[in-house]
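An overview of the molecular structure
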Amino acid sequence: MANPNIVAVTSILGGNAGWNLSATATDTLMTVGSNVIVKVNRITVANVDGTNAADVSLFVDGMGSGTTGVTTTGADATVYLAKTVSVPADATLVISDTPIYLMENDILKGGASAAGDLDLFISYEVISSS
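Since the structure is predicted, the reported quantities are computational estimates derived from the model, not experimental observations.

1. Comments concerning the sheet that holds strand E5 (residues 78–87)
Strand order across the open sheet formed by four strands is E2-E8-E4-E5, with antiparallel pairing between neighbours. Each edge of the sheet is formed by a strand with only one pairing partner; in this case those strands are strand E2 (27–31) and E5. The mean inter-strand angle of the sheet, taken between neighbouring strand axes irrespective of direction, is 20°. Taken together, the four bridges between E2 and strand E8 (residues 107–112) define a ladder with antiparallel strand orientation. The partner of Asp27 across the bridge, within E8, is Gly110.

As structure tokens, this is what we get:
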């Protein structure tokens, strides 16, 4: 698994991504490529339905066993960032405003309880040392 030295990187590329979530709670939203890590800065979800609340689920699948110098024991390969969290009509929920690192081959997945009701927005940086 790639673990770029974030002190000696060759590039840090900022980006944003957004999705109108489907009712499939396991849709693949983002897959981290080879030889990079992704620093997720902020995740928000907005309910665009003016009448009904909707639930959001968001998780990381395929998590590695840690990084150089750290050994994790009993770690799950799939970890939820939000699990069936209700977002009121016409409201926005901050899922995370604390940085999260996604390692090579990690997959961000998620969905909503009602198709088309929730917009997910992520601000991130792709960090590479090659």
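Read on, since the account is not over.
2. Here's the deal with the environment of Leu58
Within the fold, Leu58 resides in strand E4 (residues 54–61). C-alpha separation for the pair Leu58 and Ile95, spaced 37 residues apart in sequence, amounts to 8.9 Å. Leaving out residues up to four positions away in the same chain, Leu58 has contacts with Leu29, Ile43, Tyr80, Leu81, Ala82, Ile95, Leu108, Lys109, Gly110 and Leu120.

3. A look at the environment of Val32
Secondary-structure assignment places Val32 in the loop between E2 and strand E3 (36–47). Along the chain, Val32 and Val126 lie 94 residues apart, while their C-alpha atoms are 8.9 Å from each other. In contact with Val32, other than residues within four places in its own chain, are Ile37, Val38, Leu102, Met103, Glu104, Asn105 and Asp106.

4. Considerations on the nonpolar core
Counting 24 residues, the largest nonpolar core has Ile95, Leu118 and Leu120 as the members making the most contacts within it. Of all the elements in the fold, those that place two or more residues in this core are E2, E3, E4, E5, E8 and strand E9 (118–128). It is E3 that provides the largest number of residues to this core, a total of five residues. Those residues within four positions of Leu120 in sequence are excluded, and the remaining contacts are Ala17, Gly18, Trp19, Leu21, Leu29, Ile43, Thr44, Val45, Leu58 and Ile95.

5. Structural notes on the confidence of the model for the protein chain
Summing up the model confidence of the protein chain, the mean pLDDT is 89 and the portion of residues at 70 or higher is 87%. For the protein chain, the element scoring lowest by mean pLDDT is strand E7 (residues 100–102), at 92; strand E6 (residues 92–96) scores highest, at 97.

6. Things to note about the environment of Ser22
Summarising the element assignment, Ser22 is placed in the loop between strand E1 (11–20) and E2. Along the backbone, Ser22 and Asp119 are 97 residues apart, and their C-alpha atoms lie at a distance of 9.6 Å. When near neighbours in sequence (up to four residues on either side) are disregarded, Ser22 contacts Asp27, Gly111, Ala112 and Ala115. A polar contact is formed between the side chain of Ser22 and the backbone nitrogen of Thr24, at a distance of 3.1 Å.

7. With respect to the packing of aromatic side chains
Within this structure, the stated rule accounts for one aromatic pair. Ring centres 4.9 Å apart and planes at 40° place the aromatic pair Phe59 and Tyr80 in the tilted group. Of the two residues, Phe59 sits in strand E4 while Tyr80 sits in strand E5, which places them 21 residues apart along the sequence. Judged by its relative accessible area of 5%, Phe59 falls in the buried class.

Rules used in this analysis
- Residues numbered from 1 in each chain as written.
- Predicted model: local features only at pLDDT ≥ 70, side-chain atom pairs only at ≥ 80, totals over all residues.
- Heavy atoms only, no water.
- Pairing = 2+ DSSP bridges.
- Helix = DSSP H or I, 4+ residues; strand = E, 2+ residues; numbered from the N terminus.
- Axes fitted to C-alpha atoms, helices over the stretch in contact; angles between N-to-C directions.
- Contact = heavy atoms within 4.5 Å.
- Core = buried A, V, L, I, M, F, W, Y, C linked by side-chain atoms within 4.5 Å.
- Buried < 20%, exposed > 50% of the residue type's maximum accessible area, 1.4 Å probe, protein only.
- pLDDT = per-residue confidence, 0-100.
- Polar contact = N/O pair within 3.5 Å; in protein donor to acceptor, adjacent residues only side chain to side chain.
- Phe/Tyr/Trp six-rings, centres within 6.5 Å; stacked < 30°, edge-to-face > 60°.

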